[in-house]
Amino acid sequence: MAAGYAELLRTRHAARLLAGTLVGRLPNATAALAVVLFVRAEGGSYALAGALSAVYGVCNAIGQPLLGRAVDLYGQPRVMLPASVLSALGMALLAAVGLDVLWPAYAAMVIAGFFTPPLEGGLRALWPGVLKRADRVHAAYALDAVAQEVMYAVGPLLVTLCVAAWSEGAALWVINLLGVLGALSVVVSRPSREWRSGPREAHWLGALRSAGLLVLIGAFLFVGLAMGSIAVAAVAYADEHGGGMVSSVLLSALGVGALAGGLAYGAREWPGRPESRLRLLVCLLAVGYVPLVLVPDVVGMTVLTGVAGVFLAPALACAFVVVDRHAPKGTVTEAFSWLVTTFGVGASVGTAVVGPAVESGGAVAGFAVAGAGGIAAMLVLLSTKRFLGDPVRRTLVAAPAENDRNGAAEPGFRAGRQA
């Protein structure tokens with residue numbers, strides 16, 4: 001397993017692109033925590049911190065697919081780097097103006113959220129050209145999903161260290177400066193500079209005219225809902241079982257499960273169509289969420305959350321491949337950005353929905369929301385099989401040659417056994 005990933009990372013540009021993208025995404029991964037810490041340090045309420053974070057999240061959800069479409073039209077360097085700088089300046093504006101007058105703070109969140117560069121989708125658009133072989137692209141998608149879990153664990157720790165060493169305002173500056181440097185590392189690389197999206201049909205729906213992509217968006221909205229609800233339900237469980245670090249232990253177990261599952265999934269090439277495999281993985285993901293309602297003792301619950309996380313990274317990695325196959329020609333970055341945005345929006349919805357459930361029914365009700373989200377995602381995929389058939393034909397709007405990755409096999413890719 002390790003040898004396969006080592007071979008992947010030894011491929012020219014691969015390690016640099018992965019590391020640069022992860023560093024470039026740090027501001028987005030830590031925005032909620034960094035903003036809350038800053039607002040509290042400035043004497044603001046949790047309500048204000050939540051409102052500012054919500055503005056950031058909404059603008060991020062709007063900006064990602066729009067910037068992804070711009071990347072497909074104009075290339076990565078001309079969009080990614082200016083967007084990264086503008087997003088960092090938005091956070092710097094918040095740190096500079098504070099909370100004495102609120103409208104600049106909200107304006108800062110609008111700028112920072114909307115201009116967050118779509119580095120995640122951009123990297124996945126680069127992998128086929130960099131790695132050439134289907135098995136390596138498959139492993140890269142899995143490694144990317146695993147690295148995301150690590151980033152969401154390391155990012156908050158880095159914010160905390162910056163606060164301890166300097167201040168909450170300095171943490172905003174440092175994290176976003178790192179983000180700009182990460183984006184810069186990506187866009188000055190040769191693959192990023194030379195990458196061009198395939199010629200696209202002018203259509204206002206862009207990537208959303210793919211029926212297959214709409215199915216994925218619907219399914220992963222509910223996967224995100226499940227993930228967002230688990231975070232809150234874990235806190236409620238901790239309150240019922242002694243508090244302390246219990247919620248952190250459960251969420252860490254979830255992350256460890258995802259890490260193990262992603263590494264194992266990416267270590268081999270899987271036969272058959274990825275659409276069929278995705279349905280199986282999401283079914284297994286849903287099955288893993290359901291036993292959480294048993295809420296056993298802490299040891300048992302830790303085991304259950306670890307098992308629940310095992311199929312998350314594989315499902316995400318497989319979804320990236322399916323997106324790549326179904327994105328209309330010339331819209332691959334936008335398509336990836338839609339999936340990322342949908343997952344984030346789903347997590348936010350889950351966080352909002354699970355609150356009242358926990359208030360009325362405790363941790364059991366909270367984990368029941370997560371289970372319902374997983375089952376809903378499974379039902380979406382199982383009930384829409386016909387839309388995840390032949391990716392060349394499954395579009396809402398007919399177009400002459402929909403997908404540059406689907407119409408013909410990539411060099412080195414074997415038709416019928418794509419990752």
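Residues numbered from 1 in each chain as written. Predicted model: local features only at pLDDT ≥ 70, side-chain atom pairs only at ≥ 80, totals over all residues. Heavy atoms only, no water.

**Description of the packing of helix 2 (residues 14-24) against helix 7 (residues 119-131)**
This is how the line gets drawn: The axes used here are C-alpha line fits, helices contributing only the stretch in contact, and every angle between their N-to-C directions lies in the interval 0 to 180 degrees. Helical segments are the DSSP runs of H or I of at least four residues, strand segments are the runs of E of at least two, and each set is numbered from the N terminus. Any angle from 65 to 115 degrees is called roughly perpendicular, while one under 35 is roughly parallel, one over 145 is roughly antiparallel, and all others are oblique. Any pair of residues with heavy atoms lying within 4.5 Å of one another is described as a contacting pair. Lys, Arg, Asp and Glu make up the charged group, whereas Ala, Val, Leu, Ile, Met, Phe, Trp, Tyr, Cys and Pro make up the nonpolar group; the residues left over, Gly among them, are polar.
In the contact formed by helix 2 and helix 7, the axes pass within 10 Å of each other and the chain directions differ by 175 degrees. The orientation of helix 2 relative to helix 7 falls into the category roughly antiparallel. Across the interface between the two elements, Ala14, Leu17, Leu18, Thr21 and Gly24 from helix 2 touch Leu119, Glu120, Leu123, Leu126, Trp127, Val130 and Leu131 from helix 7. Among the residues forming the contact of helix 2 with helix 7, the class breakdown is 9 nonpolar, 2 polar and 1 charged.

**A look at the nonpolar core**
Quick note on the threshold: For our purposes a nonpolar core is just a set of buried Ala, Val, Leu, Ile, Met, Phe, Trp, Tyr and Cys residues, chained together by side-chain atoms within 4.5 Å. Throughout this description, buried means an accessible area under 20% of the type-specific maximum (1.4 Å probe, protein chains only), exposed means over 50%, and partly exposed covers the range between. These domain limits were set by an automatic method or by a database of domain assignments.
Residues Leu94, Phe220, Leu278, Tyr289, Leu312 and Phe367 are the most contacted members of the largest nonpolar core, which totals 122 residues. Considering each element in turn, this core owes the most residues, 17 residues, to helix 16 (residues 332-383). Taken together, domain 1 (1-196) and domain 2 (205-389) each give at least three residues to this core, which thus spans both. Discounting chain neighbours no more than four positions away, the residues touching Phe367 are Ile230, Ala233, Ala234, Tyr237, Leu292, Val293, Val295 and Met301.

**What to know about the confidence of the model for the protein**
Stated precisely, the cut-off is as follows: Values of pLDDT, which run from 0 to 100, indicate the predictor's confidence residue by residue.
In the predicted model, the protein carries a mean pLDDT of 85, and the fraction of residues at 70 or more is 90%. Of all secondary-structure elements in the protein, the lowest mean pLDDT belongs to helix 1 (residues 2-10), at 77, while helix 5 (residues 77-97) reaches the highest, 97. Low pLDDT (under 50) marks residues 393-419, which in the prediction has 74 contacts with non-local residues, meaning those over four places away or in another chain.

**Some thoughts on the environment of Phe343**
Inspection of the secondary structure assignment puts Phe343 in helix 16. A sequence separation of 119 residues divides Phe343 from Gly224, and the C-alpha atoms of the two residues are 4.6 Å apart. Apart from residues no more than four positions distant in its own chain, Phe343 is found in contact with Phe220, Val223, Gly224, Met227, Leu312 and Leu316.

**Some points on the packing of aromatic side chains**
Counted only if it meets this: Aromatic pairs are defined between Phe, Tyr and Trp rings, using the six-membered ring for Trp, whenever the two ring centres lie within 6.5 Å; interplanar angles under 30 degrees are classed as stacked, those over 60 as edge-to-face, and all others as tilted. Think of it as a cone above the ring: NZ of Lys or CZ of Arg counts as a charge over the ring if it is within 6 Å of the ring centre and within 35 degrees of the ring normal.
One pass over the full model with this rule turns up 4 aromatic pairs. Where Phe114 meets Phe115, the ring centres are 5.1 Å apart and the plane angle is 80 degrees; that geometry is what we call edge-to-face. Taking the relative accessible area as the measure of exposure, Phe114 reaches 26% and is therefore partly exposed. Residue class for Phe115 comes out partly exposed when judged on its relative accessible area of 26%. When the centroid spacing of 5.9 Å and the interplanar angle of 65 degrees are considered together, the rings of Tyr141 and Phe320 count as edge-to-face. Of the two residues, Tyr141 sits in helix 8 (residues 134-165) while Phe320 sits in helix 15 (residues 312-326), which places them 179 residues apart along the sequence. We classify Tyr141 as buried; its relative accessible area is 1%. Here Phe320 falls in the buried class, since its relative accessible area comes to 4%. Every member of this aromatic cluster is reached through a ring pair, and the members are Tyr141, Phe320 and Phe336. In this structure, Arg268 packs its charged tip against the face of Trp270, placed 4.0 Å from the ring centre.

**Details of the packing of helix 8 against helix 15**
Quick note on the threshold: The hand of a helix crossing depends on one turn: near helix anticlockwise from the far one by less than a right angle means left-handed, and clockwise means right-handed.
The contact between helix 8 and helix 15 brings their axes to 8 Å, and the two run at 130 degrees. As judged from the angle between their axes, helix 8 and helix 15 are oblique. Like other packed secondary-structure pairs, helix 8 and helix 15 cross with a definite hand, here right-handed. Only Leu312, Ala313, Leu316, Ala317, Phe320, Val321 and Asp324 of helix 15 make contact with helix 8, whose side of the interface consists of Tyr141, Ala142, Ala145, Gln148 and Glu149. Its residues placed into classes, the contact of helix 8 with helix 15 shows 9 nonpolar, 1 polar and 2 charged.

**A closer look at unusual backbone geometry**
Of note, the phi angle at Lys132 is positive, near 70 degrees, even though the residue is not glycine. Tracing the chain through its elements places Lys132 in the loop between helix 7 and helix 8. Unusually for a residue other than glycine, Val295 sits at a positive phi of about 35 degrees. Within the secondary structure, Val295 sits in the loop between helix 13 (274-289) and helix 14 (298-309).

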